[in-house]
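Next come the chains, spelled out residue by residue.
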Amino acid sequence: MAVAAALLRRRALYSALASPSWLHDTSSCYICSISGTHSLVNHPNLRLQRGYHNSGKFDLTDLTHPHIWYPNAREKKRNVFLHVGPTNSGKTHNALKRLEASTSGVYCGPLRLLAREVAQRLNKANVPCNLITGQEREEIEGAKHSSVTVEMADMTTEYQCAVIDEIQMVGCRSRGFSFTRALLGLCSDELHVCGDPAVVPLIQRILEPTGDVVTVQYYERLSPLVPLKTTLGSFSNIKAGDCVVTFSRRSIYMLKRRIEMGGKHLCSVVYGSLPPETRTKQATMFNDQDSNLNVLVASDAIGMGLNLNISRIIFSTLEKFDGICNRELTVAEIKQIAGRAGRYGSKFPVGEVTCLNSDHLPLLHSALKSPSPIIERAGLFPTFDVLSLYSRLHGTDFFQPILERFLDKAKLSPDYFIADCEDMLKVAAIVDELPLGLYDKYLFCLSPVDIRDDISTKGLIQFAENYAKKGIVRLKEIFTPGTLQVPKSHNQLKELESIHKVLELYVWLSFRLEDSYPDRELAASQKSICSMLIEEYLERSGWQQNGRKDFLQKPKRLHQEYDASQLRKYFQEIDVRSK
Ligand SMILES: Nc1ncnc2c1ncn2[C@@H]1O[C@H](COP(=O)(O)OP(=O)(O)OP(=O)(O)O)[C@@H](O)[C@H]1O
Ligand SMILES: [Mg+2]
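About the criteria used
- Residues numbered from 1 in each chain as written.
- Chains lettered and ligands numbered in written order.
- Predicted model: local features only at pLDDT ≥ 70, side-chain atom pairs only at ≥ 80, totals over all residues.
- Heavy atoms only, no water.
- Pairing = 2+ DSSP bridges.
- Helix = DSSP H or I, 4+ residues; strand = E, 2+ residues; numbered from the N terminus.
- Axes fitted to C-alpha atoms, helices over the stretch in contact; angles between N-to-C directions.
- Contact = heavy atoms within 4.5 Å.
- Near = heavy atom within 4 Å.
- Polar contact = N/O pair within 3.5 Å; in protein donor to acceptor, adjacent residues only side chain to side chain.
- 1 Å grid on protein atoms, 1.4 Å probe; cavity = no way out; pocket = protein on both sides within 12 Å on 5 of 7 lines; lining within 4 Å.
- Sits in = over half its atoms within 2 Å of the grid points.
- Nonpolar A, V, L, I, M, F, W, Y, C, P; charged D, E, K, R; others polar.
- Buried < 20%, exposed > 50% of the residue type's maximum accessible area, 1.4 Å probe, protein only.
- Lys, Arg positive; Asp, Glu negative; His and termini not counted.
- Salt bridge = Lys/Arg side-chain N within 4 Å of Asp/Glu carboxyl O.
- Domains from an automatic or database assignment.
- Buried area = accessible area lost by both parts, 1.4 Å probe.
- Expected span 1.5 Å × (residues − 1).
- Phe/Tyr/Trp six-rings, centres within 6.5 Å; stacked < 30°, edge-to-face > 60°.

Things to note about the sheet that holds strand S15 (residues 312–315)
Here we have 6 strands laid out as an open sheet, ordered S11-S18-S15-S12-S14-S13, and parallel in their pairing. Of all strands in the sheet, those bounded by a partner on one side alone are strand S11 (225–227) and strand S13 (266–270). Recorded for the sheet is a direction-independent mean angle of 25° between the axes of neighbouring strands. Relative to S15, strand S12 (residues 242–245) runs parallel, the two sharing 4 bridges. Among the inter-strand pairings, Asp 242 is bridged to a residue of S15, identified as Arg 312. Along the sheet face, helix H9 (residues 276–287) touches S12, S13 and strand S14 (293–298) and points at about 140° away from the line of S13. With respect to the sheet, helix H11 (residues 361–369) is in contact with S11, S15 and strand S18 (351–355), its orientation differing from that of S18 by roughly 145°.

This is the structure:
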């Protein structure tokens, strides 16, 4: 009975999901079948699009005029201000001033940390501001402002003022399309766009057909950034306010240990797969003058827009593994990361940059002197409406072949590229095995699963399988109260980070399919426990006053404990079944 009720609820939800504002850029499409052929009717964008095809035939794969996908924004003549300049030049600050002064508005940023920083700033300035990210909803009563991660930007709400930060991300292979969507689709009278000057010509070209009025404002760095002529030399030269940058978890912990063994400093760490709440805490502790964590060891997760109390950036390497191979950092990446040193208004008014290896100094110096290479194209991805019509046209609900074919056939103007869908196609192949509708498949493909992470992928499979079979996914089927302890090794730490990703995925799904994923609170509390355990690990792996390594201490029990072995066992069962 419970299952039947859940299935009914799910069906009802389907109709409600016909046009969810957080995914659809347009109002819904209508398609009717006439004598075996399909024709599209009454969709404003498609009516507009017809203008571009004299034959009167629709070509769904024609993405050459993406500005027409956003009729609400096109009804306005937006005043667009491009705030461009080097890092630490006050671009975001000035845009936020306008946002604070507006009657309604939205900030769209690339990172959850940044979105949180902005929400805090607005609330502190007595401008009630919601925080909305894929996995968080902190709604403030009466708020007319929101701070969001760019993927969450709502194209259907009208604002007086909108801000898009780090707009050079339009050129990002995987996330660029979300920045393009915000740039073309935000429905606001004023739009403030902040970023690197390398993106100006592209933005001007892209906005040209919209009729928006574009003004470019150039900025200069507010405080000096000095590339040092010498390397760090010995680790004994590390001082408070230093940030050592490296790109793998292993080397982050190795450097942390090395610095702490010197007995003078304790380190905060910030890197991508650390739970965001842990990252925030670590960054806050580093920023806090009263905390004894006065050195930061971080990956490029600190590279964008954040205001940290860093005096000197020390690159341990200028190469990073990008998922396929080791590659040199780009000029833009070096400048972004280096730009975290000596933030205006921080306790270090002059920033310094150096590296560990003297062979790297010439590249570092030349990168800091060079302009970032011009960004030529912006990312694009078809809306669900278009993909849905395309699938109907081909008479199939299999998402992977539909997406693959669409990508193959897509026609773009020279200002755009189609998003890198490699990971999405892998997820599509997984969900195509399940009896799910196209919309659900699309949803799983957009979910924040880390397909390169085994545990995260298995979590997705389990969540999708249970959803397809029963219409409801209970977290307790995977988690039971248990005896998990603070990780004692890197492998255990990595595993806990992966489990955190699975829980984040559950929370993400719970915001989209509320009835089918009812245990959001439980998932959120388990997520916090994961972060607490990781933080405990970070504390214990630190140098202690008495010089003792405290791994050997009896682990502290947490109030509510969590059994990772249960999850492992569960996932192993999935493995066995799928063989
Ligand atoms: N006019 C100002 N008055 C006071 N503080 C300012 C002013 N302009 C900038 N700041 C402060 O200087 C710091 C850097 O400014 P901001 O974050 O706007 O730089 P940015 O150009 O956006 O840098 P990035 O490219 O790294 O994002 C922030 O802490 C900001 O609050
Ligand atoms: Mg900024």
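That shown, we press on.
Looking at the site of ligand 1
Neighbouring ligand 1 are 15 residues, the closest being Asn 88, Lys 91, Thr 92, His 93 and Arg 340. Measuring from an oxygen atom of ligand 1, one finds a side-chain N or O atom of Lys 91 at 2.7 Å. Its atoms largely coinciding with the cavity grid, ligand 1 occupies the second largest pocket. Taken together, the residues of the shell around ligand 1 sort by class into 3 nonpolar, 8 polar and 4 charged.

Structural notes on the side chain of Arg 74
With respect to the element layout, Arg 74 can be found in helix H3 (residues 71–74). For Arg 74, which is buried and forms no salt bridge, the nearest opposite charge comes from Asp 212, at a distance of 4.0 Å. Excluding its chain neighbours within four sequence positions, the residues that come into contact with Arg 74 are His 67, Leu 184, Thr 210 and Asp 212.

Let's talk about unusual backbone geometry
A positive phi angle is found at Asn 126, which is not glycine, with a value near 65°. By secondary structure assignment, the location of Asn 126 is in the loop between helix H5 (112–124) and strand S5 (129–133). The backbone of Glu 166 shows a phi angle near 55°, a positive value even though the residue is not glycine. The residue Glu 166 is located in the loop between strand S8 (158–164) and helix H6 (176–185) in this model.

Thoughts on the pattern of salt bridges
Under the defined criterion, the tally for this structure stands at 30 salt bridges. When salt bridges with common partners are traced through the structure, they connect Arg 112, Arg 116, Glu 136, Glu 138, Glu 277, Glu 504 and Lys 527 into a single cluster.

Examining the domain arrangement of the protein chain
Domain boundaries assigned for the protein chain yield domain 1 (77–218), domain 2 (225–369) and domain 3 (447–578). On a C-alpha basis, the centres of domain 1 and domain 2 stand 27 Å from each other. Interface area lost by domain 1 to domain 2 is led by Thr 87, Asn 88 and Leu 113, which between them contribute 46%. Taken together, domain 1 and domain 2 are joined by 0 salt bridges. Run the count over domain 1 and domain 2 and you get 3 residue pairs in polar contact (both at pLDDT 80 or more). For the side of domain 1 that touches domain 2, a count of residues per class yields 5 nonpolar, 3 polar and 4 charged.

Some remarks on the sheet that holds S8
Taken together, 8 strands build an open sheet; the order of strands is S6-S5-S7-S4-S8-S9-S3-S10 and the sheet is mixed. In this open sheet, the two edge strands, each paired with only one partner strand, are strand S6 (136–138) and strand S10 (213–218). The sheet shows a mean angle of 15° between the axes of neighbouring strands, taken without regard to direction. Each of strand S3 (79–84), strand S4 (105–109), strand S7 (145–149), S8 and strand S9 (187–195) is contacted by helix H4 (residues 91–101), which is oriented at about 165° to S9, the strand it contacts most.

Points about H5
With 13 residues, H5 extends 18 Å between its outermost C-alpha atoms, agreeing within 8% with the 18 Å of an ideal straight helix rising 1.5 Å per residue. Arg 112, Leu 113, Leu 114, Ala 115, Arg 116, Val 118, Ala 119 and Leu 122 are the residues of H5 that are buried. Downstream of H5 by a residue or two, Asn 126 has a phi angle that is positive, lying close to 65°.

A word on the packing of aromatic side chains
Following the criterion strictly, the structure yields 13 aromatic pairs and no others. Residues Phe 177 and Phe 381 carry aromatic rings whose centres are separated by 5.2 Å and whose planes lie at 45° to one another, so their mutual orientation is tilted. Taken together, the residues Phe 177 in helix H6 and Phe 381 in the loop between strand S19 (378–380) and helix H12 (384–393) connect sequence positions 204 residues apart. You can call Phe 177 buried: its relative accessible area is 18%. Between Tyr 390 and Phe 406, the ring centres sit 5.1 Å apart and the planes meet at 85°, which makes this aromatic pair edge-to-face. Highlighted residues: Tyr 390 in helix H12 and Phe 406 in helix H13 (residues 399–409), separated in sequence by 16 residues.

Some thoughts on the pairing of S4
Across the 5 residues of S4, 5 count as buried, placing the element largely inside the fold. Residue alternation in S4 divides its side chains into two sets, Gly 105, Tyr 107 and Gly 109 and Val 106 and Cys 108, and both sets are buried. Where S4 and S7 come together, 5 bridges link them in parallel fashion. Note on S7: the bridge partner recorded for Cys 108 is Val 148.

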